[in-house]
Amino acid sequence: MKNWKLTLPVGLAVLAVLALWIEPALADKLSDAIAKAPVGTGPGQIDPAAPKGFLGIPGAPEVSLGLAFGWAVWVGWIFSTVGAFGGVMAGVGHISVYGYGAYAKSFKQTAPELNKLVTDSIRTSNQWLVGLSALISSFNYWKMGRLVLPLAAALGLGSIAGSWLSVTLTAGKVSFSSYQGYFGLFVLLLGCYLFWETTPAGQASKKKAKAAAKAFEDTVKRQKSGEQIDTKALGVKVTSFSLTRVTFTFYGVEFGFNPLIPFLGGIVISALAAFLGVGGGFLLVPFLTSVAQLPMYLAAGTSALAVLVSMITSITTFMSGGVPLHWHMIGIELVGVVVGSIIGPRTSKYIPDIWLKRLFIILALYVGVDYVLRGFFDIKMFG
């Protein structure tokens, strides 16, 4: 890990070369879709004289640099803090805050091909932000001893198959309305499930996670009072490893899992996440806290590494299939994600475990209800 500082710039350089190499094909596909749209100044039409906006399309909305940066900081912070919801928040930004969702939806009847292409661009743009946040968060949590590497590896291996299969089967075939509706439905169901987990019945099966979380929080309090503690030594320590059973300790509490279960879970979760155009952390976190019974303090870092593998697979598959991206916007957002992802792990330890989960639930219920109504019923309940 000594050369880790070279990993990010080298990785971004490789992705930049890839983007430049396939850019002509992406431009041709977008140009063809624009050419098939009716010319005019109304909704669902292209006005050649209008200023270019999203994806360089005349008349498309264009986000300000300040808004793009600020929202990306929030995306990086929420993902690196909770280990999830970065993709969901990136999607909320691209769909609602920036106005790209309503723009894509306007072409549902007049230019279906452009509608689906813009939808795929939104899905891929979400994943660029989450992928970078996952990279930074994974390393930060690993340094803190809050990443279960064998568990993340099992999830990551499964996610390669799931992401590739999902993108291959759905790219260019999903309208924006369907995408928004399913996006909201999954998030809403997740929020309801997590709410149940906070009830006495849901908490009854979380004894190990609660014990580890309490030990971690007590250590943080002792640090704040001036006591010198080597927290890395108390972090994740793998005690046994086999193809059927892995055990590890965290702050004196022992955990164990069968690697086959997270591998299969990774396939299913990454397939759903790739379809929605998000990282999958919003499914991985409850999987880790419920099936593996991890405290939220471990779920965040472990989820981040699994998401990174899934994002690399999904982004590569989307872009090789001709999905265009708005590089100017993404570049600004990636800078914001770096800032948010660095802040997140350093602030999360001061937030109680239960409040992290409650924050997750509030966001899930809000986004879920809003997007289900908009996508399936065309009802704008929240404006």
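Fair warning: this is a prediction, and the values are worked out from it, not measured in the lab.

What counts as what
- Residues numbered from 1 in each chain as written.
- Predicted model: local features only at pLDDT ≥ 70, side-chain atom pairs only at ≥ 80, totals over all residues.
- Heavy atoms only, no water.
- Pairing = 2+ DSSP bridges.
- Helix = DSSP H or I, 4+ residues; strand = E, 2+ residues; numbered from the N terminus.
- Axes fitted to C-alpha atoms, helices over the stretch in contact; angles between N-to-C directions.
- Phe/Tyr/Trp six-rings, centres within 6.5 Å; stacked < 30°, edge-to-face > 60°.
- Buried < 20%, exposed > 50% of the residue type's maximum accessible area, 1.4 Å probe, protein only.
- Patch = residues over 30% accessible without salt bridge, like charges linked within 9 Å, V, L, I, M, F, W, Y side chains within 5 Å.
- Areas by Shrake-Rupley, 256 points an atom, 1.4 Å probe, with all protein chains shown as cover.
- Salt bridge = Lys/Arg side-chain N within 4 Å of Asp/Glu carboxyl O.

Turning to the sheet that holds strand β2 (residues 246-250), a few remarks are in order. Spatial ordering of the open sheet is given by β1-β2-β3, a layout of three strands whose pairing is antiparallel. In this open sheet, the two edge strands, each paired with only one partner strand, are β1 (237-241) and β3 (253-257). Strand after strand, the sheet turns through a mean of 20° between neighbouring axes, direction not considered. Inspection of the sheet shows β2 paired to β3 by five bridges, in the antiparallel sense. By the bridge assignment, Val246 is partnered in β3 with Phe257.

A word on the packing of aromatic side chains. Given two aromatic rings, one states the distance between the centres and the angle between the planes to describe the pair. All chains considered together, the criterion is met by 13 aromatic pairs. When the centroid spacing of 3.9 Å and the interplanar angle of 15° are considered together, the rings of Phe54 and Tyr100 count as stacked. Within this pair, whereas Phe54 is found in the loop between α1 (4-35) and α2 (65-82), its partner Tyr100 is found in helix α4 (residues 100-105), the two being separated by 46 residues in sequence. Its relative accessible area of 1% is what places Phe54 among the buried residues.

It is worth spelling out a nonpolar patch on the surface at this point. A contiguous nonpolar patch, built from Tyr182, Leu185, Leu189, Phe376, Phe377 and Ile379 and spanning about 570 Å² of accessible area, is present on the exposed surface. The leading source of residues in the nonpolar patch is helix α7 (residues 176-197), at three residues. Note that Leu185 resides in helix α7. You can call Leu185 partly exposed: its relative accessible area is 31%.

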